[in-house]
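# An overview of the molecular structure
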Amino acid sequence: MAHWLLVAMVVALGAGSAPAAALAAAADTRIYVAADGNDSWSGALMVANASASDGPVASLTRAQALVRAAKALQSGGQASAPIRVLIKPGTYRLSTPLLFGPADAGTERAPVSYEAITAGTVTLSGGVALVQRAALREGSAAVFDLPPAAADTWRGGGQLFVNGQRATLARQPKAGQAWFVQRGLPLNSEPEAQRGHEAFVASPEASSWLARLSAPERARAIVQVMHSWNSSQHRLADAVPTAGAVRIAPRARWAFLSTGPSQRWFVENIPSALTDGGEWVATDAEVRYVPTPAQALRPLEAVLPVLERLLVVHGDAAAGQWVEHLSFQGLRFAHTRYLMPAAGFSDPQAAIGVGAAVEIDGARHLVFDQCSFGQTGSYAVWFRQSVTDSRITGSSFDDLGGGGVQVGVARAMPGEPSATARNVIQHNRIGNTGRVFPGAVGIWVGQAYDSVVSNNEIHDTSYTGISVGWTWGFGPAASGRHTISNNLLVNIGGGRLSDQGGIYTLGTLTGTTISGNVIRNVRAYPGYGPGTSGGAWGIYNDEGSSGVLVENNIVVGTDSGGYHLHKGRAIIVRGNLFASGTTAEVRLTQLDERKPQALLQSNILIPLANQPFDALATGPDLAFSGNLVSDALVVGPLDLAKCGTGCARGHASVAADASARGLRFAGLDADTAARLAATVAAAGIAPALRDIGNAAKLGDAGTVHTRASAEPIAAPIALVVDMATARLGTRPDGLRYAPADAPGAIGLVENRSAPGGRCILFKDSAVLARRFDPHAFANLNHDRGTSTGSFAILIDADTDFVHEWRDNSSPYLTGPSLRITAAGVTVNGRQIAPAVVGQWLQVRVAAALGPAAGTWSLEVNTGGAGAASFTGLAPVSPQWRRLNYVGYISNAVRETSFCLAAVGVANTAAQN
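Described below are features of the structure shown in this document. Fair warning: this is a prediction, and the values are worked out from it, not measured in the lab.

Relative to the assigned elements, Arg133 resides in the loop between strand E7 (127–129) and strand E8 (142–145). Taking the C-alpha atoms as reference points, Arg133 and Asp145, separated by twelve residues in sequence, lie 6.8 Å from one another. Among the polar contacts listed, one links the side chain of Arg133 to the side chain of Glu286, at a separation of 2.8 Å.

Given below as structure tokens:
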């Protein structure tokens, strides 16, 4: 029976009596959709007939109804022959998401498909085309009517696309700029554990601008705050605690400046900020857009997304009601929105929970092939709960509010029968992520099993490229046996956020393999502190990563090195090449104390730094074997002491050009060079598929030896320790304290003899595990001008106090350093001034930074003994130039105490 006749029978109510044998004889059933079709037609014809009485239908919802009707005529209500919905070129605007349930399922023998007749020419849009009120006048904003479906846009921002480009929500400062938190401002109304999370001191420029906002503008304002690995969105609170302060609602997840001294923030969704080309804002009745110079006096096509979801597939796996054997081919999914909730939003990590344009639950054997996804407000596709044996292949993802693909959920119990499993993400191109949520990742695999993520090309992300696993620490996990292979990742991070990797893992992932991936240029925002709050690595096994094989990967050009293991177990790192990291190539910060297994074997390291290993954890089960460390890029001798006999010296080198696969290796044996070349050639999309989709092509890799960041860096900020408003017994804001789990070791006390009447009491004892505990420190960003630090200290007979300035290089360089005991003040091993037990000692340290650095000065005042000044003091490290860390350290090994008061550090460059 011809397909058109079958469809005609479906449309007719009496067609239910058609013989089953005749229906089964059909090769397939075809239903046609066209933008100029008519939902009253049968859909059996590709074009309308001469009498315009029949032809293609106009909508996918009508086509979906015809699919269900066709299935009803077949055996048992299931398709016995394939059903194909063939969609002609055009843009199909959706007023509601397309909903697919078990009634829409196919079978293995008779799948159901929704296909573009010509791949890439069909767009399913969640946006509304705006109507411009009048012709554009030179120098004026374009005005569009706000459709009723988007009446709430003005409250939460949203997205707008003009002539195919994403517009910038009106903001201050402008795109590419930022204001910076000057210091946290703790409030007495805050819970003790959340002090410093709600308010901060702003710069005079920011304070002046905020003061000019009207009450309605303050009510609609969105405060965007950038943290280390994520961002958060807030409203302006009504009550301002003091002049020059900003108070937000809800509280931030972390205290301000807790991850470094360069914390960016800006305000958007403000009509009075609408000044620059490419900006837009919505009021309660209209959308206003300022054209760019290239758009001046030209027609504008504006699309305002009104849907959060375009396609929702929802089955009930527990009841056996699956949506299955359903495919989508050659379609473009575009124009979804994200509106900030009234209560704000704080991204914990990877922007999980913001949703996706396409969301799938309770499904198996689903296929997205040669599709494209773009101009979204959140993620593109989410294989969420109980999705198995499905795949996304040959597709492209570009201009994404969040990331590309999510697989699994954030929370699940180990061994759940409804686990998401055996899904394939392969031969896709994902780029330009994080346009709304910079913490989103290219591909996120959470609690799921047996995922295959291979031969994808991921480029120009705002954070991590591929993230796998979602359990912190060594507890039971509901994720494992993943294959992450032969992916090509280029320009990851883009200098926007930090604490990231080209490929990043969390928790127990037994049976997971990361192999054959090529990673080029992983760049972090450089304004954060060292360690966990700052950094960008090629492959990053974080927080309990266990049971992972990292093999035959190539990483070239990172800010922090090729490989980082933090708190891991049962890890094998074998046969990889790590090159051109601006600090040490391998960082091992912590292993599992109970079972510290890690093997680094037959890797090739081509470092830029003389010390290729950073923060190297030690233990009997940490083994190095057969590694080659090259001196090709190093100035001076290599330091391989940390590797012992497990490393040999060599002269391997890698040459890189701007093309994504432009890597050439020298100084290696022929077999190794051939293996590396084959890895590069195999990475990414297969050659026959590299022209897929409508996304921008894979960009240039650029240089590999330099850090590139377009994000602004804060001017040097001052260290201010708030002892006046802090509660007695607590740890005053401004400094960070260790150990965190010994509350009695540090606390604010009242002392009438102290400057200001209060001081921070440090109690040392032999029970503290580390000699340098307790201690306090601050991360600063002083790289120019002159920095001056001061404090007062009251010591006892056994005090052993160290005050030290450092930079954030790896290993760090030390500038001024002094020691205070009952014997006196010691600098560079020489006692230069007295210190009196039980009497306050005033200390002032000053040092020039940057090119002018070289020596430092010290003033001490013991009260009765008078003041003494010392100049021309040598730093511990002659190459020291920057102040990124200032420490106040108890270095005693017995029970003792000292009290600190009037602590602060200022910089002259901050005043210019």
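Strand order in the open sheet made by the four strands is E8-E21-E20-E11, with mixed pairing throughout. Taken across any chain shown, the strands that pair with only one partner, and hence form the sheet edges, are E8 and strand E11 (168–169). In this structure, E8 lies alongside strand E21 (residues 286–289), joined through four bridges in antiparallel fashion. Residue Ala142 lies in a different strand from E21, and its bridge partner there is Tyr289.

The tally for this structure, following the rule as stated, stands at 26 aromatic pairs. Members of the aromatic cluster, each reached through a chain of ring pairs, are Phe100, Tyr114, Phe328, Phe333, Phe368, Phe373 and Phe397. In this arrangement the basic side chain of Arg171 is found over the ring face of Phe266, its NZ or CZ atom lying 3.6 Å from the centre. One Lys or Arg, Arg264, reaches over the ring of Tyr525 and ends 3.6 Å from the middle of that ring.

So, on to the pattern of salt bridges. Applying the stated criterion across every chain, the model contains 40 salt bridges. For Asp152, the salt bridge identified is with Arg337, shortest N-O distance 3.1 Å. With a gap of 185 residues between them, Asp152 in the loop between E8 and helix H4 (153–156) and Arg337 in the loop between strand E25 (331–334) and strand E26 (345–346) connect regions that are remote in the sequence. Of the residues examined, Arg337 reaches a relative accessible area of 7% and is grouped as buried. Ionic contacts of the salt-bridge type, sharing partners, join the residues Asp28, Arg30, Arg84 and Glu115 into one network.

Read from one edge of the open sheet, four strands run E7-E22-E9-E10, paired in antiparallel fashion. Where the open sheet ends on each side, the last strands, each with one partner, are E7 and strand E10 (165–166). In this sheet, strand E22 (residues 302–305) lies alongside E7 in antiparallel orientation, the contact comprising three bridges. From the neighbouring strand, Gly127 faces E22, where its bridge partner is Pro305.

Tallied over the entire structure, the rule returns two disulfides. For Cys643, the disulfide goes to Cys647, at an S-S distance of 1.9 Å. Between Cys643 and Cys647 the sulfur-sulfur dihedral comes to about 75°; the bridge is accordingly right-handed. The two residues Cys643 and Cys647 agree in class, both being buried. Sulfur-sulfur distance for the disulfide between Cys759 and Cys899 comes to 2.1 Å. Between Cys759 and Cys899, the S-S torsion sits near 85°, and that sign places the bridge as right-handed. Placement of the pair is Cys759 in strand E63 (residues 758–764) and Cys899 in strand E74 (residues 896–907), with a sequence separation of 140 residues. In this pair, the class of Cys759 matches that of Cys899, namely buried. With its bonded cysteines labelled in order along the sequence, the protein chain shows the pairing 1-2, 3-4.

Scoring rules and cut-offs
- Residues numbered from 1 in each chain as written.
- Predicted model: local features only at pLDDT ≥ 70, side-chain atom pairs only at ≥ 80, totals over all residues.
- Heavy atoms only, no water.
- Helix = DSSP H or I, 4+ residues; strand = E, 2+ residues; numbered from the N terminus.
- Polar contact = N/O pair within 3.5 Å; in protein donor to acceptor, adjacent residues only side chain to side chain.
- Pairing = 2+ DSSP bridges.
- Phe/Tyr/Trp six-rings, centres within 6.5 Å; stacked < 30°, edge-to-face > 60°.
- Lys NZ or Arg CZ within 6 Å of the ring centre and 35° of its normal.
- Salt bridge = Lys/Arg side-chain N within 4 Å of Asp/Glu carboxyl O.
- Buried < 20%, exposed > 50% of the residue type's maximum accessible area, 1.4 Å probe, protein only.
- Disulfide = S-S within 2.5 Å.

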